[in-house]
Amino acid sequence: MSGFPLISTVVFLPLLGVVLLSFVPRQREAAIKHLALTVSVVTCLVSLLLYWDFQLNVPGMQFVERKPWIAGVGAQYYVGVDGISLLLVLLTTFLTAVAILSSYTAITRSVKEYMICMLLLETGMLGVFVALDLVLFYLFWEGMLIPMYFLIGIWGGPRRIYATIKFFLYTMAGGVLMLVAIIALYYLNGGRPGGEYTFDLLKIYGIELPFPTQAWLFLAFAVAFAIKVPMFPFHTWLPDAHVEAPTAGSVILAGILLKMGTYG
């Protein structure tokens, strides 16, 4: 598979599914369900190629893809996986297929929009686990929240609006803290002697900072990720979201979304 953009294929196959679904009339609910399930299963099977070709005795990131993106600020399309993110990618593709299959009889209204949200959510979650550029990571991190808002807010239980607003406020607050920390790292890395203005995570790993600066940056990232885990005292959004989310959404929430905080 050398030279083949395997990671990008896995990440954006669900997005291709969204495009295909947009051409299917909403009245053909069976076709919509079958197409969404097919796309999710194919994505899962393609992700297995990552596991098959992954070399356990090679350190660092594998299947790396790097393309110019926003050259003016040093952001790039930069993705790859290590042993941790690989397993989370496999978990995401598998659980998404299971969640879509479980929705066959559970979802009876706005089926087309529901399946589109599920596939968009899958692309966002996969992007979080493979991004090696902080801007790309942030966009996937925030972007995957949007379809989850709709899944809870439209197909959720009686108190779905309350749960959605609470979920939105908590995650938005965490996202703002993360964005501030990312921008701070960008300028700290570029402003030091011999530094470079970049969002390349692997290069930023090597930056040396005074302990007080490290502590403030750690606090910003830690709170952002603690909200997503969620950890005390930022955990109160979770019971409402779990109770009100549709069953498949609750599975995705517990099985994948909460892992993102720990992964971060």
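Residues numbered from 1 in each chain as written. Predicted model: local features only at pLDDT ≥ 70, side-chain atom pairs only at ≥ 80, totals over all residues. Heavy atoms only, no water.

Peer 1: It is not clear to me how the overall build of the protein chain should be interpreted in this structure. Could you clarify?
Peer 2: Of regular secondary structure, the protein chain possesses eleven helices and two strands. The N-to-C order of helical and strand elements in the protein chain reads α-α-β-β-α-α-α-α-α-α-α-α-α. Compactness check: the protein chain gives a C-alpha radius of gyration of 19 Å against a globular reference of 18 Å for 264 residues, within 12% of the reference. Burial status across the protein chain gives 51% buried among its 264 residues. Taken as a whole, the protein chain presents about 12700 Å² of accessible surface, with 72% of it coming from carbon and sulfur. Where the 14 positive side-chain charges of the protein chain centre and where its 13 negative ones centre are 9 Å apart. (Helix = DSSP H or I, 4+ residues; strand = E, 2+ residues; numbered from the N terminus. Rg over C-alpha atoms; globule rule 2.2 N^0.38 Å. Buried < 20%, exposed > 50% of the residue type's maximum accessible area, 1.4 Å probe, protein only. Areas by Shrake-Rupley, 256 points an atom, 1.4 Å probe, with all protein chains shown as cover. Lys, Arg positive; Asp, Glu negative; His and termini not counted. Charge placed at Lys NZ, Arg CZ, Asp CG, Glu CD.)

Peer 1: Where do I start with helix α9 (residues 211–228) in this structure?
Peer 2: One turn of the α-helix equals 3.6 residues, which is why residues spaced by three or four share an orientation. Between its terminal C-alpha atoms α9 stretches 26 Å, which fits the 26 Å expected from 18 residues at 1.5 Å a residue. Here α9 has its buried residues at Leu217, Ala220, Phe221, Val223, Ala224, Phe225, Ala226, Ile227 and Lys228. Residues of α9 that are buried sit in contact with α5 (134–143), α6 (145–155), α7 (160–191), α10 (237–244) and α11 (247–263). (Expected span 1.5 Å × (residues − 1). Contact = heavy atoms within 4.5 Å.)

Peer 1: Looking at this structure, I do not really get the pattern of salt bridges. What am I missing?
Peer 2: Under the defined criterion, the tally for this structure stands at five salt bridges. Measuring nitrogen to oxygen at the nearest pair gives 3.0 Å for the salt bridge that ties Lys166 to Asp240. Pair noted here: Lys166 is in helix α7 and Asp240 is in helix α10, with a separation of 74 residues, a long-range link. This pair shows no difference in class: Lys166 is buried, exactly as Asp240 is. (Salt bridge = Lys/Arg side-chain N within 4 Å of Asp/Glu carboxyl O.)

Peer 1: Mind showing me how you'd approach the side chain of Asp200 here?
Peer 2: Inspection of the secondary structure puts Asp200 in the loop between α7 and α8 (201–204). At a separation of 3.3 Å, a polar atom in the side chain of Asp200 contacts the side chain of Arg66. (Polar contact = N/O pair within 3.5 Å; in protein donor to acceptor, adjacent residues only side chain to side chain.)

Peer 1: Explain the nonpolar core to me, please; I cannot follow it from the model alone.
Peer 2: In a soluble, globular protein the nonpolar side chains are often hidden away together inside. Ranked by size, the top nonpolar core spans 85 residues in total, and within it Met178, Ile252 and Leu257 carry the most contacts. No other element matches the 13 residues that helix α4 (residues 111–130) contributes to this core. Each residue touching Leu257, except ones within four places of it in the same chain, is listed here: Leu121, Met125, Met144, Met148, Phe167, Lys228 and Ile252. (Core = buried A, V, L, I, M, F, W, Y, C linked by side-chain atoms within 4.5 Å.)

Peer 1: Would you explain the packing of aromatic side chains in this entry?
Peer 2: Note on aromatic pairs: each is described by the distance of the centres and the angle between the planes. According to the stated counting rule, one finds 13 aromatic pairs in the structure shown. Aromatic side chains Phe129 and Tyr263 sit 5.1 Å apart centroid to centroid with 85° between the ring planes, which places their arrangement in the edge-to-face category. With Phe129 in helix α4 and Tyr263 in helix α11, this pair connects stretches of sequence that are 134 residues apart. The exposure class assigned to Tyr263 is partly exposed, which follows from its relative accessible area of 26%. Among the aromatic side chains, those forming a connected cluster through ring pairs are Phe137, Trp141, Phe221 and Phe225. The ring of Tyr104 carries the charged tip of Lys33 above its face, separated from the ring centre by 6.0 Å. (Phe/Tyr/Trp six-rings, centres within 6.5 Å; stacked < 30°, edge-to-face > 60°. Lys NZ or Arg CZ within 6 Å of the ring centre and 35° of its normal.)

Peer 1: Would you mind going over the confidence of the model for the protein chain with me for this structure?
Peer 2: Interpretation of the predicted coordinates at a detailed level should be avoided for regions scoring low in pLDDT. Mean pLDDT over the protein chain: 90, with 99% of residues reaching 70 or higher. Mean pLDDT across the elements of the protein chain ranges from a minimum in α10, with 83, to a maximum in helix α1 (residues 6–21), with 95. (pLDDT = per-residue confidence, 0-100.)

Peer 1: How should I be thinking about a nonpolar patch on the surface in this particular structure?
Peer 2: Together, Ile161, Ile165, Phe168, Leu169, Met172, Val176 and Val180 make up a nonpolar patch on the protein surface, roughly 630 Å² of accessible area in all. With respect to the secondary-structure elements, Val176 resides in helix α7. (Patch = residues over 30% accessible without salt bridge, like charges linked within 9 Å, V, L, I, M, F, W, Y side chains within 5 Å.)

Peer 1: Where do I start with the side chain of Asp240 in this structure?
Peer 2: Residue class for Asp240 comes out buried when judged on its relative accessible area of 13%. At 3.4 Å, the side chain of Asp240 and the side chain of Arg159 are in polar contact. Setting aside residues no more than four positions away along its own chain, Asp240 makes contact with Arg159, Tyr162, Ala163 and Lys166.

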